[in-house]
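Given next are the chains, with one letter for each unit.
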Amino acid sequence: MVKLSLCMIVKNEEANLQKCLKSVQNIVNEMIVMDTGSTDRTVEIAQSFGAQVPYFKWCDNFSTARNAALKYVTGDWILVLDADETLEPKIIPQIRQIMNDENALVINFIRHEIGAAQSPYSLVCRLFRNHPKLYFNRPYHTLIDDSAIKLIKEESHWKVIDIPAIGILHYGYQPEFIKALDKYERARKAMEGFWKQNPHDSYVCSKLGALYLQIGQTEKGLKLLKQGLKANTADFKVIYELHYSLGNAYVKQQKIEQAVKHYQKAIAQPILPQLKLGAYNNLGGLLQAVGDIQNAKKAYEFTINIDPNFATGYYNLGMLLKEMGNLPEAVKAYQKAISINPEYAAAYQNLAVVFFKLGYLAESQEAFKQAIILHEIQNPEQAEKLRQGLKELGMLE
């Protein structure tokens, strides 16, 4: 029987670790949870699941830490998770089957980014054979990909297998997690150091360039993303990310034609459709903004065809249908978005507006109330603004 080992590095993850370990306790044969200096209950929680918890003194390099953790693994295969991730149970039969393939080296599957409205999916390599020539590199956004490519060139029988299904749920991009762990600053420092030594590495250009955009340094981001494209990488996933982020950068600068061009180039890459959701969605928004309603509608419809559970796609389609005057269909789109994401405050608010225009006053008032309740939790300022507006209209006492 193939033995599977969980291998993690952690620090102060008591809020997340139990959920993570519960998701894998019935599939892994051993747990290696390397601690890098926790001061909370992280070690205690890991030990309660029977994990081996070696200590590693942190050195500002995730690859060094992950490679140190690999030394404790005894299984045939290695599953790597972060504490803010869980394994999706539905994928377990598929990965068990592939692990029995004697030529399988690496298994990639889709990670669902919970809380990421624009690009909710990414393809990740988190399951690989325990082979002495596989190791992590890069100080942040660590990968075994480079070592796997090198090994396959030496021994051509090895295979990398992509599973087009969700294998991991990732909660780390929800705003409260980012704020709590100061992820942006930590990522920036780690990637800048690596980039200075590897200025033509297209992967780090894509990741660091996108990070610069997130923290408001648009010009630095643009320069780095263009540099990444000049590197002429053969990795279509990286090319997609570069074009997608360039589209985002040009949107910030209100250079619509250039943004559209890069979103279209991103969509043209031969990668899994789920990974293109962000580009389709943003392209739809741009086309809608410039009045190309029919093509905007097609872009939004692409998103929900790719992923019927993409709440943002239904919401944007509802906004477009409202603009077109097709109010009954807009209602259906908003209701579908809400059925997928019951905490979608903006969907409730716009549903209420459409109900009001249709003359369904009781339904409108109820939807507005629900929007206010959700805004109070998510955005109190917006809740107060909506409340005052409704009072002026006489719809709220």
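Residues numbered from 1 in each chain as written. Predicted model: local features only at pLDDT ≥ 70, side-chain atom pairs only at ≥ 80, totals over all residues. Heavy atoms only, no water.

(A) Fine view of the packing of aromatic side chains. If you walk through the whole model with that rule in mind, you get eight aromatic pairs. Judged by centre distance (5.8 Å) and plane angle (5 degrees), the rings of Tyr240 and Tyr244 are stacked. In this pair, Tyr240 and Tyr244 are both assigned in helix 10 (residues 236-252), four residues apart and thus about one turn of the helix distant. Of the two residues, Tyr240 and Tyr244, both sit in the buried class. Ring-pair connections join several aromatic residues into one group, and the members of that group are Tyr240, Tyr244 and Tyr263. One residue, Lys19, lies across the ring of Tyr171, its end atom 3.9 Å from the ring centre. The cationic tip of Arg66 hangs over the ring face of Phe136; the distance from NZ or CZ to the ring centre is 5.8 Å. (Phe/Tyr/Trp six-rings, centres within 6.5 Å; stacked < 30°, edge-to-face > 60°. Helix = DSSP H or I, 4+ residues; strand = E, 2+ residues; numbered from the N terminus. Buried < 20%, exposed > 50% of the residue type's maximum accessible area, 1.4 Å probe, protein only. Lys NZ or Arg CZ within 6 Å of the ring centre and 35° of its normal.)

(B) Spotlight on helix 10. The terminal C-alpha atoms of helix 10, which comprises 17 residues, lie 24 Å apart, in line with the 24 Å expected from a rise of 1.5 Å per residue. Burial analysis of helix 10 places twelve of its 17 residues in the buried class, the great majority of the element. What helix 10 keeps buried is the set Val238, Ile239, Tyr240, Leu242, His243, Tyr244, Ser245, Leu246, Gly247, Asn248, Ala249 and Tyr250. Looking at the buried side of helix 10, the elements it contacts are helix 8 (202-214), helix 9 (218-230), helix 11 (256-267) and helix 12 (277-289). Measuring from the backbone nitrogen of Lys237 back to the side-chain oxygen at the start of helix 10 gives 2.9 Å, which picks out Asp235 as the cap. Gln254 lies just past helix 10 and shows a positive phi near 60 degrees. (Expected span 1.5 Å × (residues − 1). Contact = heavy atoms within 4.5 Å. Polar contact = N/O pair within 3.5 Å; in protein donor to acceptor, adjacent residues only side chain to side chain.)

It is worth stressing that arrangement in space is one thing and function is another; only the former is reported here.
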